[in-house]
Amino acid sequence: MAGNRILIVDFGGQYNQLIARRVRECGVYSEIRNFDDVDAAVVKDFDPKGIIFTGGPQSAYGEGAPSIDDGIFGLGIPILGICYGAQLMAYRLGGSIESAPTSEYGRTEVTVDGKDGILASADDINTCWMSHTDYISEPPAGFTVTAHTDDCPVAAMEDRTRGFYAVQFHPEVNHTRHGAEFIRSFVLDVCGCDPDWQMDSFAETAIKEAREKVGDGKVLLALSGGVDSSVVAALLAKAIGPQLTCVFVDHGLLRKNEAQEVASIFGSGGQFDLNFIKVDAAERFYEKLAGVTEPEQKRKIIGEEFIRVFEEVSKQIGSVDYLAQGTIYPDIIESGLGKSAVIKSHHNVGGLPDYVDFREIIEPLRMLFKDEVRQLGRELGLPEALVSRQPFPGPGLGIRIIGEVTAEKVRIVQDADAIYREEIANAGLAGSISQYYAALTNMQTVGVMGDFRTYDHAVALRAVITSDFMTAEAANIPWDVLQRVMTRIVNEVDHVNRVFYDLTSKPPGTVEFE
């Protein structure tokens, strides 16, 4: 990928991950760097074929606003500015930026005036996603306006002679019609990138690099059974085989049969040559959680107890040379790039645990997005059921059980969830729903089963559609499917007499219950 990549300069935009993903969807490698860490020398060293400036919350003309080294404009490298990036480009090159008389937010009808550049695939009136209070009132010399709205005179502009393009809207979000095609045109046509970012070649390179780095050393990995850690295990197993030890802690809060599935893949007789240690710690976790109902306290207890268990096993193993982690690119970005805002801290970013004796961390997935990790898992031969596994929170079912966690409640939610998943798959809906699961509410209700009065638990079903998990809508599951799920849960899962379907979007709700 050397010399065939796109540099994305982050000015604090909320969609910076989406921009990088859209570039990689073109088959081209991209990296995000904070604006404070980028100057002409850095760009030359990175050697990109193109640069993208992201959006951001500030005014390009404001005191202390994020800016860029003017030398970058003289390198002869094509640049695409998006939202704030467009305004910054205009401001630094001699155009005018003003506070807009009318701000534009959300879906906006954009009139396209020129289709000779990156907007070639646009509709004459193209629906785009806007989010700005300033606008470009006068473009710099050499630029041609290629799109406008009723309230924004420069919705897009370009200077094809210098390879500079700017759009006030956000082409990276799904709400912008043809947006991905606009980015593709810039990356492939304007920048001349070759679509050579493929997971088969990445797998070969990553295995070779891991083998060379580790040498004859030993590696330890906390294997959760999730997609990220499983792909790391598969990759390192192919690179170094039995020099890798995987510790799998079954805390009793996994989905039904999940622990057995992980052991069948990575344990004795599985498809990978590695050392696999399974720790059955369910009762230990249930004891720690007894009487606890507050969500954050449950999370803290589960996280700390996991560390304690892993620490104990690590001491038994003794000294290792490397600790492997399933850190992926969104973890790095969300934990803060340079001086960028921290969206959320990740447990596997930014610190070395002091309870394991090792000299360095290995993170072979740290530059990959989730969809790329799944593709890599397929290349490494992991079963599709594992590679396609939906997101599962670190605390597991501990936060899908409202209130106190007990072994009996875990059994209920495991059985209900398994039925729900089976019926969703039978209906052919699994691939169209972003995430779905059953949770156990903290209420009991009166019911009638046969000739008897019951007073039992209520299960809630959750299913959402989302592209990025920043926002989500409840999935429109057919009524007959929900009825089958309800009937089976009430008839087959002891101590459940009522089933709800959660219609809440995000916001105001969240994808998980706690």
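Criteria and thresholds
Residues numbered from 1 in each chain as written. Predicted model: local features only at pLDDT ≥ 70, side-chain atom pairs only at ≥ 80, totals over all residues. Heavy atoms only, no water. Helix = DSSP H or I, 4+ residues; strand = E, 2+ residues; numbered from the N terminus. Rg over C-alpha atoms; globule rule 2.2 N^0.38 Å. Contact = heavy atoms within 4.5 Å. Areas by Shrake-Rupley, 256 points an atom, 1.4 Å probe, with all protein chains shown as cover. Lys, Arg positive; Asp, Glu negative; His and termini not counted. Charge placed at Lys NZ, Arg CZ, Asp CG, Glu CD. Buried < 20%, exposed > 50% of the residue type's maximum accessible area, 1.4 Å probe, protein only. Pairing = 2+ DSSP bridges. Salt bridge = Lys/Arg side-chain N within 4 Å of Asp/Glu carboxyl O. Axes fitted to C-alpha atoms, helices over the stretch in contact; angles between N-to-C directions.

A. Quick look at the overall build of the protein chain. Along the protein chain, the regular secondary structure elements total 14 helices and 18 strands. A compact globule built from 514 residues should have a C-alpha radius of gyration of about 24 Å, and the protein chain, at 26 Å, falls within 12% of that. Partitioning the contacts of the protein chain with sequence separation of at least 6, the portion at a separation of at least 24 is 72%. Of the roughly 22,300 Å² that the protein chain leaves accessible, carbon and sulfur atoms contribute 47%. The average position of the 47 basic charges and that of the 75 acidic charges among the side chains of the protein chain differ by 4 Å.

B. Layout of the environment of L188. Within the secondary structure, L188 is located in helix 4 (residues 179–190). Residue L188 is classed as buried on the basis of its relative accessible area, which comes to 18%. When the C-alpha positions of L188 and S96 are compared, they lie 30 Å apart, and in sequence the two are 92 residues distant.

C. Fine view of the side chain of R400. Of note, R400 is situated in the loop between helix 12 (384–387) and helix 13 (407–426). Judged by relative accessible area, which is 1%, R400 ranks as buried. When residues no more than four places from it in sequence are discounted, the contact partners of R400 are P391, F392, P393, V413, R421, Q435, Y437, A438, A439, L440 and E512.

D. Representation of the pairing of strand 16 (residues 452–465) in the model. Where burial is concerned, most of strand 16 is hidden: ten out of the 14 residues are buried. Relative to strand 16, strand 15 (residues 435–449) runs antiparallel, the two sharing twelve bridges. By the bridge assignment, T445 is partnered in strand 16 with D456. As defined by bridge partners, strand 16 adjoins strand 17 (residues 473–474) across two bridges and the pair is classed as antiparallel. The partner of V464 across the bridge, within strand 17, is A474.

E. Focus on the pattern of salt bridges. The tally for this structure, following the rule as stated, stands at 35 salt bridges. With its nearest N and O atoms 3.0 Å apart, the salt bridge here joins D70 to R92. A residue pair is termed long-range when its members are at least 10 positions apart, and D70 in the loop between strand 3 (50–53) and strand 4 (79–82) and R92 in helix 3 (residues 84–92) qualify at 22 residues. Looking at D70, the relative accessible area reads 40%, which means it is partly exposed. Judged by its relative accessible area of 32%, R92 falls in the partly exposed class. Across the salt bridge formed by D250 and K278, the nearest N and O atoms sit 4.0 Å from each other. Residue D250 is located in strand 11 (residues 244–250), and its partner K278 is located in strand 12 (residues 275–280); the two are separated by 28 residues in the primary sequence. With a relative accessible area of 14%, D250 lands in the buried category. The network of salt bridges with common partners includes E422, E423, D480, R484, R488 and E492.

F. Region of the structure containing the sheet that holds strand 11. Ordered by their spatial adjacency, five strands build an open sheet running 12-11-10-13-14, and the pairing between neighbours is parallel. The strands lining the two open edges of the sheet, one partner per strand, are strand 12 and strand 14 (360–362). Within this sheet the neighbouring strands show an average axis-to-axis angle of 25 degrees, counted without direction. As paired strands, strand 13 (residues 322–324) and strand 14 are joined by three bridges and run parallel to one another. Paired with A324 across the strands is I362, a residue of strand 14. This element, helix 6 (residues 227–240), spans strand 10 (219–222), strand 11 and strand 13 of the sheet and lies at about 160 degrees to strand 10. Sheet strands touched by helix 7 (residues 258–266): strand 11 and strand 12. Its angle to strand 12, the strand with the most contacts, is close to 165 degrees.

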